[in-house]
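# Topology and contacts: notes
Residue-level listing of the chains:
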Amino acid sequence: MLHRGHQSTDGTGGGELTVPMAWLYAEYIADELLRTGDLMPPTSFEFRAGRDALALTIFLSDTDGELSGIRVVTQLETWLSLTAYDQPWQDWVGERMTQLTAEAAELDGPAPDLELAAAAWRWLEETELLAPDLNAVPGGAPVGEEDGPKVWTPAWQLGLPLGHLAIHLF
């Protein structure tokens, strides 16, 4: 996967501009899935969390370096299983990032795709968003989503189910 997407635009690899095509394509697919689902406004932090979580899933699950438009439909089941509620997604991302970083170090240093994926992962881990507390049991009268208790939640915990739902709606 690291060979593709970090070649220069003319294919020579001679120190020219390197275009992170694998990451940009994963981000594009994630963006399209979320927009198709129409779950959140594209300008919201929740949308960004969903897009980044889904893009990481797409990018990191491409073990053969063949992320292509033709295979997107065939990969939906894989992405669904990786983003499912009962899966250790956070651990899987950490392991894949470590593995790809080690592979990149053996080749020729960090790949731009991997650097963008790492930045997205840092944002998802370090950013907290105020979200409805789904574990709270409100006492008394039922409350609406806006009136209920809220809790600060890591962005990945909010974005992952959003990405999962977007795949289902596609």
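Below, the structure is looked at part by part. (Residues numbered from 1 in each chain as written. Predicted model: local features only at pLDDT ≥ 70, side-chain atom pairs only at ≥ 80, totals over all residues. Heavy atoms only, no water.)

Moving on, we get to the environment of Gly163. By the secondary structure assignment, Gly163 is in helix H6 (residues 155-169). According to the relative accessible area criterion, Gly163 is buried, its value standing at 1%. When the C-alpha atoms of Gly163 and Gly37 are compared, they prove to be 9.4 Å apart, with 126 residues separating the residues in sequence. When residues no more than four places from it in sequence are discounted, the contact partners of Gly163 are Leu34, Gly50 and Leu54. (Helix = DSSP H or I, 4+ residues; strand = E, 2+ residues; numbered from the N terminus. Buried < 20%, exposed > 50% of the residue type's maximum accessible area, 1.4 Å probe, protein only. Contact = heavy atoms within 4.5 Å.)

Evaluation of the coordinates by the stated rule reveals 4 salt bridges. The shortest N-O distance in the salt bridge between Arg35 and Asp31 comes to 2.6 Å. With Arg35 and Asp31 both in helix H1 (residues 21-37) and 4 residues apart, the pair spans about one turn of that helix. Given the relative accessible area of 14%, Asp31 is considered buried. In this structure, Arg51 and Asp52 form a salt bridge, with 3.6 Å as the shortest nitrogen-oxygen distance. Like Arg51, the residue Asp52 is buried in the burial classification. Put simply, Glu27, Arg48, Arg51 and Asp52 are held in one network by salt bridges that share partners. (Salt bridge = Lys/Arg side-chain N within 4 Å of Asp/Glu carboxyl O.)

Our focus in this paragraph is the nonpolar core. General note: in soluble globular proteins, nonpolar side chains tend to be found buried as a group. Of all hydrophobic cores here, the largest spans 38 residues; its most connected members are Leu56, Phe59, Trp89 and Leu124. Where this core is concerned, the elements lending two or more residues are H1, helix H2 (45-61), helix H3 (72-83), helix H4 (89-107), helix H5 (112-126) and H6. Ranked by residue count, the leading element in this core is H2, at 8 residues. Discounting residues that sit within four places of it in the chain, Leu124 has contacts with Ala49, Asp52, Ala53, Leu56, Trp89, Pro154, Ala155 and Trp156. (Core = buried A, V, L, I, M, F, W, Y, C linked by side-chain atoms within 4.5 Å.)

Now for the environment of Trp23. With respect to the helices, strands and loops of the structure, Trp23 is situated in helix H1. Its relative accessible area of 3% is what places Trp23 among the buried residues. Each C-alpha atom of the pair Trp23 and Glu115 lies 9.2 Å from the other, and the pair is 92 residues apart in sequence. Beyond its immediate stretch of four places on either side in the chain, Trp23 contacts Asp52, Ala55, Leu56, Phe59, Asp113, Leu116, Ala117 and Ala120.

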